[in-house]
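Topology and contacts: notes
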Amino acid sequence: MSTSAQVNRPAVRPWGAAITSLVCGVIVAVVAIISLANAASDGALLGGGLVGAVVAVIAFLFAGQGFQFARSSSAKLPASGPLMLLSFVAVIIGVIGSMGAFVLSSALVSQNGVSVAIIVLVLSIVVTITGFRLVRVALQRSRRI
């Protein structure tokens, strides 16, 4: 690759991923709290609520790391290993867990549980994408330093 292509490369800005992760974290936290509060009347909401709570925590961790990347100087070398591990945890728990909650809610014939599982699935996919975006930011910054 020529040096002109490296110079014209867009700047690495993790603000978008951090804000997206924060917004998704707030939405999934609200869904998880409502689901867990109503789990006594509908047991199928428990699975979606627990998965949603874990996804919310992961989203808030991604948001904090993204804001730290956005504010940090280029003298610090960001670690991409923990972010990669956290992104894989978001895939395993968020996406696969919400699919499991969907199947469980379908088996229990709970329309509310199915709705919560679909909402958590969509938001966990978005959180996973923002996590891998932050991994990309960390890898680009480590190469640039």
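Not measured: the values here are computed from a predicted model.

Bringing the overall build of the protein into the picture now. Along the backbone of the protein there are 5 helices and 0 strands. For the protein, the sequential pattern of α-helices and β-strands runs α-α-α-α-α. Counting every position in the protein, which comprises 145 residues, the buried fraction comes to 39%. Within the protein, contacts between residues at least 6 apart in sequence are counted, and of these 83% link residues at least 24 apart. Here the protein displays about 7,900 Å² of accessible surface, and carbon together with sulfur accounts for 70% of that area.

Turning our eyes to something else, we now look at the side chain of Ser87. Its place among the elements puts Ser87 in helix α4 (residues 81-107). Taking the relative accessible area as the measure of exposure, Ser87 reaches 0% and is therefore buried. Beyond its immediate sequence surroundings of up to four residues, Ser87 is in contact with Phe62, Thr128, Gly131, Phe132 and Val135.

Here we come to the packing of helix α2 (residues 15-37) against helix α3 (residues 45-71). A pair of packed helices is captured by two measures, namely the crossing angle of their axes and the spacing between those axes. It is at 7 Å that the axes of α2 and α3 come closest, and there the two elements cross at 155°. Between α2 and α3, the interaxial angle falls into the category roughly antiparallel. Where α2 crosses over α3, the two elements pack in a sense that is left-handed. The residue makeup of the contact of α2 with α3, split by class, is 21 nonpolar, 6 polar and 1 charged.

Spanning 27 residues, α4 covers 38 Å between terminal C-alpha atoms, matching the ideal 39 Å at 1.5 Å per step. At Gly97, α4 shows its maximal kink, close to 25°. One or two positions beyond α4, positive phi appears at Val109, with a value near 55°.

Let's shift gears to the packing of α3 against α4. Look at α3 against α4: their axes get within 9 Å of each other, and the N-to-C directions meet at 155°. With respect to each other, α3 and α4 are oriented roughly antiparallel. The interaxial crossing formed by α3 with α4 has left-handed handedness. Contacts between α3 and α4 involve Gly47, Gly48, Val51, Val54, Val55, Ile58, Leu61, Phe62, Gln65 and Phe69 from the former and Leu83, Leu86, Ser87, Val89, Ala90, Ile93, Gly94, Gly97, Ser98 and Ala101 from the latter. In terms of residue class, the contact of α3 with α4 is built from 13 nonpolar, 7 polar and no charged.

This part takes up a nonpolar patch on the surface. A surface patch of nonpolar side chains, about 400 Å² in accessible area, is lined by Leu22, Val26, Val30, Ile34 and Phe60. As for its placement among the helices and strands, Phe60 is situated in helix α3.

Bringing the packing of aromatic side chains into the picture now. This model, assessed by the stated rule, comprises 2 aromatic pairs. For the pair Trp15 and Phe67, a centre-to-centre distance of 5.6 Å together with 55° between the ring planes defines the contact as tilted. Highlighted residues: Trp15 in helix α2 and Phe67 in helix α3, separated in sequence by 52 residues. On the numbers, 5.6 Å between centres and 70° between planes, the contact of Phe88 with Phe132 is edge-to-face.

Positionally, Ser105 belongs in helix α4. Residue class for Ser105 comes out buried when judged on its relative accessible area of 0%. Each residue touching Ser105, except ones within four places of it in the same chain, is listed here: Ala44, Ser110, Gly113 and Val114.

The rules behind these values
Residues numbered from 1 in each chain as written. Predicted model: local features only at pLDDT ≥ 70, side-chain atom pairs only at ≥ 80, totals over all residues. Heavy atoms only, no water. Helix = DSSP H or I, 4+ residues; strand = E, 2+ residues; numbered from the N terminus. Buried < 20%, exposed > 50% of the residue type's maximum accessible area, 1.4 Å probe, protein only. Contact = heavy atoms within 4.5 Å. Areas by Shrake-Rupley, 256 points an atom, 1.4 Å probe, with all protein chains shown as cover. Axes fitted to C-alpha atoms, helices over the stretch in contact; angles between N-to-C directions. Parallel < 35°, antiparallel > 145°, perpendicular 65-115°, else oblique. Left-handed = near helix turned anticlockwise from the far one by under 90°. Nonpolar A, V, L, I, M, F, W, Y, C, P; charged D, E, K, R; others polar. Expected span 1.5 Å × (residues − 1). Bend = angle between axes of the 7 residues up to and from the residue. Patch = residues over 30% accessible without salt bridge, like charges linked within 9 Å, V, L, I, M, F, W, Y side chains within 5 Å. Salt bridge = Lys/Arg side-chain N within 4 Å of Asp/Glu carboxyl O. Phe/Tyr/Trp six-rings, centres within 6.5 Å; stacked < 30°, edge-to-face > 60°.

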